[in-house]
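# Structural description and commentary
The primary structure of each chain is shown beneath.
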Amino acid sequence: MVKIAPSILSADFSQLKEQVKTVEEAGADWIHFDVMDGHFVPQITFGPIVARGVRKITKRFLDAHLMVHTPDRFLEEFQKAGINQLTVHVEAALHLWQTLQRIHELGLKAGVTMNPATPVDWIHNVLHKVDNVLVMTVEPGYGGQTFLPEMLKKVEALRELKIKYGYTYEIEVDGGIDTQTAPLVTRAGATVLVSGSSIFNAKDVSAALKDIKKAALNGLNQKV
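First, a word on what this report is: a plain description of the structure on this page. What you see is a predicted model; the values in this text were computed from it and never measured.

Summing up its helical and strand segments, the protein has 8 helices and 8 strands in all. A compact globule built from 224 residues should have a C-alpha radius of gyration of about 17 Å, and the protein, at 16 Å, falls within 12% of that. C-alpha extents for the protein along the principal axes are approximately 45 × 45 × 30 Å. In the protein, of all internal contacts separated by at least 6 residues, the share reaching a separation of at least 24 is 66%.

Let us now look at the pairing of strand 7 (residues 170-174). Strand 7 sits mainly inside the fold: 5 of its 5 residues count as buried. Remark: the strand 7/helix 6 (residues 182-188)/strand 8 (residues 192-195) crossover connection has right-handed handedness.

Attention now goes to the sheet that holds strand 4 (residues 85-89). Pairing is parallel across the open sheet formed by 8 strands, whose spatial order is 1-8-7-6-5-4-3-2. At either end of the open sheet lies a strand with only one pairing partner, and these are strand 1 (3-6) and strand 2 (30-36). Sheet twist, expressed as the average angle between the axes of neighbouring strands with direction ignored, equals 25°. The pairing of strand 6 (residues 132-136) with strand 7 spans 5 bridges and is parallel. Residue V133 lies in a different strand from strand 7, and its bridge partner there is I171. This element, helix 2 (residues 48-55), spans strand 2 and strand 3 (61-67) of the sheet and lies at about 165° to strand 2. Strands strand 4 and strand 5 (109-114) of the sheet are contacted by helix 4 (residues 96-105), whose axis makes an angle of about 150° with strand 5.

Counting 65 residues, the largest nonpolar core has F33, I123 and L193 as the members making the most contacts within it. Top element by residues in this core is helix 8 (residues 205-220). It accounts for 5 residues. Residue contacts for I123: discarding those within four places in its chain leaves V90, V112, M114, V133 and L158. Judged by nonpolar contacts, the second largest core, of 5 residues, contains M36, F40, M67 and A92.

Taken as a whole, this structure holds 5 aromatic pairs when the rule is applied. Taking the centre distance of 6.1 Å and the plane angle of 85° together, the rings of F33 and F46 count as edge-to-face. Of this pair, F33 sits in strand 2 while F46 sits in the loop between strand 2 and helix 2, and the two are 13 residues apart along the sequence. Neither residue differs from the other here; F33 and F46 are each classed as buried. What links up through ring pairs into an aromatic cluster is the set F13, F33 and F46.

Inspection of every chain in the model, using the stated rule, returns 7 salt bridges. If you follow the salt bridges from partner to partner, you end up with K21, E24 and R60 in one network.

What follows is about the packing of helix 1 (residues 16-26) against helix 8. A pair of packed helices can be characterised by two numbers: the angle between their axes and the separation between those axes. For the pair helix 1 and helix 8, the least separation of the axes is 9 Å and the interaxial angle reads 40°. When the axes of helix 1 and helix 8 are compared, the pair comes out oblique. Helix 1 and helix 8 meet at a crossing whose hand is right-handed. Across from Q19, T22, V23 and A26 in helix 1, the residues of helix 8 making contact are V205, S206, L209 and K210. Of the residues belonging to the contact of helix 1 with helix 8, the class tally is 4 nonpolar, 3 polar and 1 charged.

What follows concerns unusual backbone geometry. The phi torsion at T70 lies on the positive side, around 40°, for a residue other than glycine. Among the secondary structure elements, T70 is positioned in the loop between strand 3 and helix 3 (75-81). On the basis of relative accessible area, T70 is assigned to the partly exposed category, the value being 35%.

Calculation notes
Each chain has its residues counted from 1, following the order in which its sequence is written. Local features are withheld for residues below a pLDDT of 70 in this predicted model, meaning they are given only at 70 or higher, and side-chain atom pairs are given and counted only at 80 or more; totals for whole chains, interfaces and linings count all residues. Only hydrogens and water are removed before side-chain values are computed, so all heavy atoms of the structure are retained for them. Think of it this way: any DSSP run of H or I at least four residues long counts as a helix, any run of E at least two long counts as a strand, and we number them from the N terminus. The size measure is the radius of gyration over C-alpha atoms, and the globule rule it meets is 2.2 Å times the number of residues to the 0.38 power. Between two residues, a contact is recorded if the distance between any of their heavy atoms is within 4.5 Å. For every residue, the accessible area (1.4 Å probe, protein chains only) is compared with the maximum for its type, and the residue is labelled buried under 20%, exposed over 50%, or partly exposed between those bounds. The handedness rule is simple: strands pointing away from the viewer, and a clockwise path from the first strand over the helix to the second, make the crossover right-handed. Only strands joined by at least two bridges in the DSSP assignment are considered to pair. Interaxial angles span 0 to 180 degrees and are taken between N-to-C directions of axes, which are lines fitted to C-alpha atoms, for helices over the stretch in contact. Remark: nonpolar core denotes a set of buried residues (Ala, Val, Leu, Ile, Met, Phe, Trp, Tyr, Cys) joined through side-chain atoms within 4.5 Å. Between the rings of Phe, Tyr and Trp (Trp by its six-membered ring), a pair exists once the centres lie within 6.5 Å; its type follows the angle of the planes, with under 30 degrees stacked, over 60 edge-to-face, and the other angles tilted. For this analysis, a salt bridge means a side-chain nitrogen from Lys or Arg found within 4 Å of a carboxyl oxygen belonging to Asp or Glu. Should an angle fall under 35 degrees it is taken as roughly parallel, and over 145 as roughly antiparallel, whereas 65 to 115 is taken as roughly perpendicular and any remaining angle as oblique. A clockwise turn of the near helix away from the far one marks a right-handed crossing, whereas an anticlockwise turn of less than a right angle marks a left-handed crossing. We call Asp, Glu, Lys and Arg charged. Ala, Val, Leu, Ile, Met, Phe, Trp, Tyr, Cys and Pro are nonpolar, and the rest, Gly among them, are polar.

Given below as structure tokens:
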């Protein structure tokens, strides 16, 4: 009922293979890629080449969050690299409907996301087309930021829309997810939790992932 997706943005790239294997063995459900182009967000991270390398060392579901302008330029390359799901920003995709359709044509799952200041209303017209809705619980562009509690309202709204219309999308959250915030987001309706620094910066990476998953599951048992 709850999936954990460690973000390799916070991994030690000199030990990337070992760290991916560690989180895989600890129970990671997805491996998350924070792809940044230096334009839509200030930072530059990695692209299909890194995704291709990770694909060779794990069979886990690979989830890429494209924080890039005009994401259509990169869809085929990520598909060839072995990514399973591509999530694009409503603010960055000039023709969002067409972009989501193209992702599906490539045989991938399609997701949509928005910056914290962007209202859920902006994606209402594509909710029936997506497999995943990513709620940014920090400003995109940097790892290790503090969780924005105001974003819980977005998670709740997406859960309500999902129930009302029978949508099947996952509700993914990304930013500031740790043992304290994990139960908050699952209680609000999140089904996939991305966590980077709280896992990979921990002394015991495996234990950190397991603790976050336990906390997330505890949130499901609490009333909204």
